Amino acid sequence: MTECLLNIEGLHTGYDGVAVVRDLTMHVNAGEVVALLGPNGAGKTTTLMTISGMGEVISGSVEVLGNPVPKLRQAHRVARWGVSHVPENRGILFQLTVRDNLQLAKTKGKVDLDRAIEFFPALGGLLNRRAGLLSGGEQQMLALGRAIVAEPRLLLVDEMSLGLAPVIYEELMPVVRRIADETNAGVLLVEQHVELALEVADRGYVLNHGDLAMEGAASELLANRALLDASYLGVESLES
Ligand code: ATP
């Protein structure tokens, strides 16, 4: 039976009690890549932050591996349930080496560096380099490598392609698919590059101004590009 790792129902989330995402219902199953799409300011990052216990559940519910995410920030608890979050700014420690960054990524037990190197062979030759000296692409590999060594059940990735050349993010995106396929983790991917994200995703949700504008199988969303574009523009009726 498919295991549901993330179940969100009727979620209102935002800042200081003011919702910027309203009535969101979505889920992510084990082994799935799910894209969370939408224009700037739609509420994608806010949603990811709330899932990983860094935001506010104003109303509705967020369940991660069967555990209700607390209403107010408790990220350490959510991380222990098996959630890794690769934030937009990548969340790496620039003064430390690649090895140290990887070693600090796991809260319990020994880190298996080979796990990260298996997905990103280039990291193998960079273990003693300070993270601040890495290129943008290498930093993103490290950010994903940190998530991989933490052995998450649910992986949240925010704007992986940000600031990277197309040739770099086009190589990184399929690795996200591999992580889901080979570790059976569920992946929730926030991405501006809609087509690229939908090429590796199983399903997608589109947010617009905090409302769910569209959802469906990645292949359907890709096949219906006009409707997808309309959902970005906030066109009222997407059913016709
Ligand atoms: P982007 O791709 O630009 O990051 P996004 O879809 O991730 O867009 P969010 O960053 O989640 O959007 O922002 C959603 C809304 O919440 C925006 O209107 C934004 O201005 C607002 N917002 C974001 N962070 C805060 C904050 N710390 N306090 C108050 N409002 C915020």
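Residues numbered from 1 in each chain as written. Predicted model: local features only at pLDDT ≥ 70, side-chain atom pairs only at ≥ 80, totals over all residues. Heavy atoms only, no water.

Quick word on the overall build of the protein
Consideration 1: A tally of helices and strands in the protein yields nine helices and 10 strands.
Consideration 2: Each principal axis of the C-alpha atoms in the protein carries an extent, and together these give about 55 × 40 × 35 Å.
Consideration 3: Across the 240 residues in the protein, those meeting the buried criterion constitute 51%.
Consideration 4: A sequence separation of at least 24 residues applies to 67% of the contacts in the protein between residues at least 6 apart.
Consideration 5: A total accessible area of about 10,900 Å² is found for the protein, and carbon and sulfur atoms account for 51% of it.
Consideration 6: A gap of 10 Å separates the mean positions of the 20 positive and 30 negative side-chain charges of the protein. (Helix = DSSP H or I, 4+ residues; strand = E, 2+ residues; numbered from the N terminus. Buried < 20%, exposed > 50% of the residue type's maximum accessible area, 1.4 Å probe, protein only. Contact = heavy atoms within 4.5 Å. Areas by Shrake-Rupley, 256 points an atom, 1.4 Å probe, with all protein chains shown as cover. Lys, Arg positive; Asp, Glu negative; His and termini not counted. Charge placed at Lys NZ, Arg CZ, Asp CG, Glu CD.)

Comments concerning the sheet that holds strand β3 (residues 33–37)
Consideration 1: The strand order across the open sheet formed by six strands is β6-β7-β8-β3-β9-β10, and the pairing between neighbours is mixed. The open sheet has two free edges, formed respectively by β6 (83–86) and β10 (211–217), since each of these has just one partner strand. Ignoring which end each strand starts from, the neighbouring axes of this sheet average 15° apart.
Consideration 2: Where strand β7 (residues 154–158) meets strand β8 (residues 186–190), five bridges bridge the pair, whose relative direction is parallel. Bridging across to β8, Leu-154 finds its partner in Gly-186.
Consideration 3: The strands touched by helix α5 (residues 136–149) within the sheet are β6 and β7, with β6 carrying the most contacts at an inclination of about 170°.
Consideration 4: Packing against the sheet, helix α6 (residues 166–183) makes contact with β3, β7 and β8, and its axis sits at approximately 155° to β8. (Pairing = 2+ DSSP bridges. Axes fitted to C-alpha atoms, helices over the stretch in contact; angles between N-to-C directions.)

Quick look at the site of the ligand
Consideration 1: What surrounds the ligand is a group of 13 residues, the closest being Gly-41, Gly-43, Lys-44, Thr-45 and Thr-46.
Consideration 2: Asn-40 places a polar side-chain atom, nitrogen or oxygen, 3.4 Å from an oxygen atom of the ligand.
Consideration 3: Within the contact set of the ligand, an oxygen atom lies 2.5 Å away from a side-chain nitrogen or oxygen of Thr-46.
Consideration 4: The residue makeup of the shell around the ligand, split by class, is four nonpolar, six polar and three charged. (Near = heavy atom within 4 Å. Polar contact = N/O pair within 3.5 Å; in protein donor to acceptor, adjacent residues only side chain to side chain. Nonpolar A, V, L, I, M, F, W, Y, C, P; charged D, E, K, R; others polar.)

A few points about helix α1 (residues 44–51)
Consideration 1: Counting buried positions along α1 yields six of eight residues, so the element is predominantly enclosed.
Consideration 2: Turning to α1, its buried residues number three or more, namely Lys-44, Thr-46, Thr-47, Leu-48, Thr-50 and Ile-51.
Consideration 3: Gly-53 lies just past α1 and shows a positive phi near 80°.

Structural notes on the pattern of salt bridges
Close approach of charged atoms allows side chains with opposite charge to pair.
Consideration 1: Taken as a whole and judged by the stated rule, the model has eight salt bridges.
Consideration 2: For Asp-211, the salt bridge goes to Arg-22, with nearest N and O atoms at 3.2 Å. Of this pair, Asp-211 sits in strand β10 while Arg-22 sits in strand β2 (residues 18–29), and the two are 189 residues apart along the sequence.
Consideration 3: Close ionic contact of Asp-181 with Arg-177 constitutes a salt bridge, the shortest N to O distance being 3.0 Å. With Asp-181 and Arg-177 both in helix α6, this residue pair falls four residues apart, about one helical turn.
Consideration 4: The class of Arg-177 is buried, set by a relative accessible area of 18%.
Consideration 5: Sharing partners across several salt bridges, the network here consists of Arg-177, Asp-181 and Asp-202. (Salt bridge = Lys/Arg side-chain N within 4 Å of Asp/Glu carboxyl O.)

Details of the side chain of Thr-97
Consideration 1: Within the secondary structure, Thr-97 is located in the loop between β6 and α3 (98–103).
Consideration 2: On the basis of relative accessibility, which here comes to 19%, the residue Thr-97 falls in the buried class.
Consideration 3: From its side chain, Thr-97 meets the backbone nitrogen of Asp-100 in a polar contact 3.0 Å long.
Consideration 4: With residues up to four places along the chain from it excluded, the contact list for Thr-97 reads Leu-127, Asn-128, Arg-129, Arg-130 and Ala-131.

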